Amino acid sequence: MSANQTPLYKPPSQFDVLRTPLLGSALRWRYGRLLFQVPLVIVAVLLTIDGFIGPQRASQNLATVGAWVHYRGLVVLVLLLAGNLFCMGCPFTLPRTLAKRLSISGKRFPKVVQNKWLAIGGLFLIFFLYEWLDLWASPLLTAWVIVAYFVASFVLEALFKESVFCKYVCPLGTFNFVHATASPTQIGVHNPDVCRTCVGKECINGSYAAQPIILIDSIGTGGQPDTTHEHNRQGVLGCGTDLFAPQIKSNMDCTLCLDCARACPHNNVGLFARSPLKELTDETAWRRRWDVVFLVAALAFMGITNAFGMVPPVYGLIERMANAFAFLSVWGLPPFAVEGVVLLVIFGTGNLLLPIGLVLAAAWITQRTVSTQDSLREIAATFAPAFVPVGFGVWLSHYLFHFLIGIWTIVPVTQEFFGFRGNYGLLGVPVDSPMLAFVEIGFLLLGFGVSLYIAQQAAIRRYRRQGFIAFLPWALVFLLMMLVALWIMGMPMEMRGTEAFFASAGIEF
Amino acid sequence: MISRLSTTILLAVMLTLAACRAPRPAQPASDIGVTMSLSVAPNPPQVGNATLVLTIMDEDGQPINDAQVNIRGDMNHAGMQPVLRDSSTGREGDYTIPFEWTMGGDWFIVVTADLPDGLTVEEEFEFTVDGEMMMDNIDMATEEMDMPMTEEASGS
C-alpha cells in the first residue's frame, strides 16, 4: 500500500506529552529541540577536545568514558523508558540549517539506496571498526568518530533534500530507530479529520517561507476566508525524514525532532504514550521488505557478537583464525590488515551471515510446514518485529553492565578535564554483583519472553490453527540467541587488544 | 543573529576548554636516569589479589628508599574503577604493595614517585591479566613475600 493510500491513523492513547504543562510548552517552543541539542553539543565538544588533547588512556579521558560507557548506557535506558530522545537531542544535526542554506542542488537521495541497506552497512562498519581499531581503548580515534559524524551529517544534508543522514545512513540513529519500536511514546494526531482537510500539510511540508504566504483553511459565508494561517521566515521545517504525522504507526525513521508538532497550524500533532508492545504486535506498522527484516535481525545478532568480543572464547577463536590466515602475511599483507581480515570473517559471519541464514532457514521451514502461499519475504517480515525484544534485551544487558559498574567514573575524569584533582576516592559501584547479575539476566529473559509472545501472536494472526507450527522455528532461533547471550554474560569479562593473539601465527605487530 | 552569536560563543568556549587540562608535573623516570621496575606475584597475573614490588634506583644504581609512591592501575578500556595504592617505605629500593586485579584483560599500571630530592617521576607498565580467578590468590596479599617473582614488565 503506498503512502497516499495509507489510511489516517489516530493512536488510542489520549495522553499527549506535548500538552503537559511546562514540558509540553518547552518541547513545542520554536527552539525546543535546542534545549536538548545544546547540552549534547557541549558534551560532544568536550569529548572531542579531550579525545584530541587529553591523556590517551581510555579510562582517564572524557571521549572514551563518555562515549563508550555513559552514552551507550543512557541511550538504551532512555529508549526503554521514554523514547528516541537521543535523536531528538542529536548534536550532529545542528549544522543542518547551515547545510540546508548551502545546499545547491537539493536532490533526492538516489532511489536505489532509499532503504535500510546502507544503514545495515553503517552498523556493521561501526561495530567492525570498534573491534579492529580498538575504538574503546582510543580517545583519539573516538574523537575522530565524533568528527566524522558531524562531517557526514553536514555533507549529506547539504547535498540532498531530505534528512538523508538520519534516515538512511546514521548507525546511531538506526540503532535508536529499531529499538524505539519498543518505546512507550509515539508521534500521532489528535483528530485525523483535521489532517484530512488540512491545506498546507505543514507537518511534512514545513511552515517556512522566504516571503509571507497566507493560506486559507476554510471559506466562510460570503466566500470570504474564515480561518487562515501564514507561512513566513519564522516558520519551521517539516519532517526531515518525510513522515506524514497522521499516517505514522511506527517510530522507525522518526527522530522525534517534533518539527511536525511545531509546524502544525492546528495544534493537532502530539507525542502520545502507548504500550511498548503496540508497534511490535501491529503488522501494519512494519514495512514488509527484506532490508527491514535483515536490519532488525542483524542488529539483534550484533548485540550478541559485540558482547562476544569481550569474553575469553573470542581470543581462542582469533588465535585459531590467525593461524588459518597466516598465509596472508606470507603473501606480504601487513599484520594490521591480516587482523582486519580475521575480524572481518568473524564478525561478518556473526553479524551478517548468521542472521541472514537463520532468518531464511526459519522462513523456509515455516513455508514448508504450513499450508501457505506466502513468500519467504512475507513470512520473514511477519516475524521480524519479534527480533527487536530479544536483541534489545542483549543490548540492555551488556550496556547497562558497563554503565552501572562505571557510572561514577565520569566524575573524576570530568574534574581532571577542568584542571582539578580527580576524586577517585568517592567511586563505588552503585549495585552489588547479585543485583548486577539480576539486571543482566533479567533483561535477557525479559527480551526473550517478549520475543516469544510477539512471534506467537504474529503466527496465530497470520496462520490461525497452524500458528503453533509456524511459530516453532522462530522460537528455536530466539532460544538459541538467548542461550548464547546467557553463556556470554555468564563469563568473566576480559577486554584485550587482539594483536597478541597473532603472535602464535608468526605475525608480529 | 542567534546563529552568529551561538557560533561565537561556541568557539570561545572551545578555546577556553582546550586550555583546561592541567599540565602533568611528573617526568619520565628515564629522563633523569632513575630506573623503575615492577614485578608482580603471582605471575602471570590473574584476577584477584596480587602483590606488586616496585624497585627504584638512582642514576648511580643506588636504591631510593624514601620516595612517596602512588600506583594507579587502569584497564585499557573506559568505565572500570582504577585501583589506587600508595607506599612510602622502601627497603633496598623495593616497595612491596598489595594490589588487586579486578578484571581480566589488558591493564596498565602508572607509578608516580615523589623522590626525596623533590623531583616527581612517572613510569607506565603494561600487564595482561588472565580472567580466570585463582582462589589461592585470595590471601596472597596478606602473606609475606617469600616467593620468587619474575620480572614482568618494564617501563613503556
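Structure's up top.
Residues numbered from 1 in each chain as written. Chains lettered and ligands numbered in written order. Predicted model: local features only at pLDDT ≥ 70, side-chain atom pairs only at ≥ 80, totals over all residues. Heavy atoms only, no water.

Participant: Any chance you could explain empty space enclosed by the protein here in plain terms?
Facilitator: Leftover empty space is mapped by rolling, across the atoms, a probe with the size of a water molecule. Residues and elements named next belong to chain A. Scanning the model with the defined rule gives six cavities of 30 Å³ or more in all. Approximately 100 Å³ is the volume attributed to the largest cavity. Lining the largest cavity are 15 residues, with Cys239, Leu243, Cys254, Cys257 and Cys260 positioned closest to its centre. Residues of the lining of the largest cavity, tallied by class, amount to eleven nonpolar, two polar and two charged. Empty space within the second largest cavity amounts to approximately 80 Å³. (1 Å grid on protein atoms, 1.4 Å probe; cavity = no way out; pocket = protein on both sides within 12 Å on 5 of 7 lines; lining within 4 Å. Points joined across faces, edges and corners; volume = space filled by probe spheres on them. Nonpolar A, V, L, I, M, F, W, Y, C, P; charged D, E, K, R; others polar.)

Participant: How should I be thinking about the packing of helix α3 (residues 62-81) of chain A against helix α19 (residues 410-417) of chain A in this particular structure?
Facilitator: Packed helices, taken two at a time, are described by their axes: the angle between them and the distance between them. All names here are of chain A. Look at α3 against α19: their axes get within 10 Å of each other, and the N-to-C directions meet at 155 degrees. With respect to each other, α3 and α19 are oriented roughly antiparallel. Considering the relative orientation of α3 and α19, their crossing is left-handed. Mapping the contact onto sequence places Leu62, Val65, Gly66 and His70 in α3 and Ile410, Val413, Thr414 and Phe417 in α19. Of the residues that constitute the contact of α3 with α19, the class distribution is five nonpolar, three polar and no charged. (Axes fitted to C-alpha atoms, helices over the stretch in contact; angles between N-to-C directions. Helix = DSSP H or I, 4+ residues; strand = E, 2+ residues; numbered from the N terminus. Parallel < 35°, antiparallel > 145°, perpendicular 65-115°, else oblique. Left-handed = near helix turned anticlockwise from the far one by under 90°. Contact = heavy atoms within 4.5 Å.)

Participant: Just to check I follow, could you spell out the packing of aromatic side chains for this structure?
Facilitator: Two numbers describe a pair of aromatic rings. These are the distance of the centres and the angle of the planes. A full pass over the atoms with the stated rule returns 30 aromatic pairs over all chains. Within the aromatic cluster, the residues linked to one another by ring pairs are Phe92, Tyr149, Phe150 and Phe165 of chain A. (Phe/Tyr/Trp six-rings, centres within 6.5 Å; stacked < 30°, edge-to-face > 60°.)

Participant: Would you mind showing me how to read helix α14 (residues 312-324) of chain A here?
Facilitator: Helical periodicity: at 3.6 residues per turn, an α-helix aligns residues three or four positions apart in one direction. All names here are of chain A. A rise of 1.5 Å per residue sets the reference length of α14, with its 13 residues, at 18 Å; its end C-alpha atoms lie 19 Å apart and thus fit the reference within 8%. By the burial criterion, the buried members of α14 are Val314, Tyr315, Ile318, Met321 and Ala322. Down the axis of α14, the sector holding all buried residues measures 125 degrees, keeping them to one side. (Expected span 1.5 Å × (residues − 1). Buried < 20%, exposed > 50% of the residue type's maximum accessible area, 1.4 Å probe, protein only. Arc of directions from axis to C-beta.)

Participant: Would you mind going over helix α2 (residues 32-53) of chain A with me for this structure?
Facilitator: End to end, α2 of chain A covers 33 Å across 22 residues, agreeing with the expected 32 Å (1.5 Å per residue, within 8%). Listed as buried for α2 of chain A are Gly32, Arg33, Gln37, Val41, Ala44, Val45, Leu46, Leu47, Thr48, Ile49, Asp50 and Gly51 of chain A.

Participant: Any chance you could explain the state of the cysteines here in plain terms?
Facilitator: Each disulfide consists of a covalent bond between the sulfur atoms of two cysteine residues. Residues and elements named next belong to chain A. Counting across every chain of the model gives zero disulfides over all chains. The thiol of Cys203 is unpaired, and the distance to the nearest cysteine sulfur, on Cys195, comes to 6.3 Å. Cys257 provides the cysteine sulfur closest to Cys260, a residue in no disulfide bond, and the two sulfurs are 6.2 Å apart. (Disulfide = S-S within 2.5 Å.)

Participant: What should I look at first to understand the nonpolar core in this one?
Facilitator: The nonpolar side chains of a soluble globular protein tend to be buried with one another. Formed by 154 residues in total, the largest nonpolar core has its most connected members in Trp474 of chain A together with Met36, Ile56, Val69 and Trp101 of chain B. Counting residues in hydrophobic clusters, the runner-up holds 21 residues, among them Leu27, Leu243, Leu256 and Leu271 of chain A. (Core = buried A, V, L, I, M, F, W, Y, C linked by side-chain atoms within 4.5 Å.)

Participant: Which parts of the structure should I look at to understand the pattern of salt bridges?
Facilitator: Pairing of side chains with opposite charge becomes possible as their charged atoms draw close. Enumeration over the complete set of coordinates arrives at 17 salt bridges over all chains. One salt bridge connects Asp242 of chain A with Arg108 of chain A, and the closest N-O pair in it is separated by 3.2 Å. In this pair, Asp242 of chain A sits in the loop between β3 (225-231) and α12 (259-263) while Arg108 of chain A sits in the loop between α5 (96-102) and α6 (117-132), placing the two residues 134 residues apart along the sequence. Owing to a relative accessible area of 44%, Arg108 of chain A belongs among the partly exposed residues under this scheme. One salt bridge connects Arg72 of chain B with Asp74 of chain B, and the closest N-O pair in it is separated by 2.4 Å. Judged by its relative accessible area of 12%, Arg72 of chain B falls in the buried class. Overlapping salt bridges bring together Glu283, Arg288, Asp374, Glu378 and Arg462 of chain A as one network. (Salt bridge = Lys/Arg side-chain N within 4 Å of Asp/Glu carboxyl O.)

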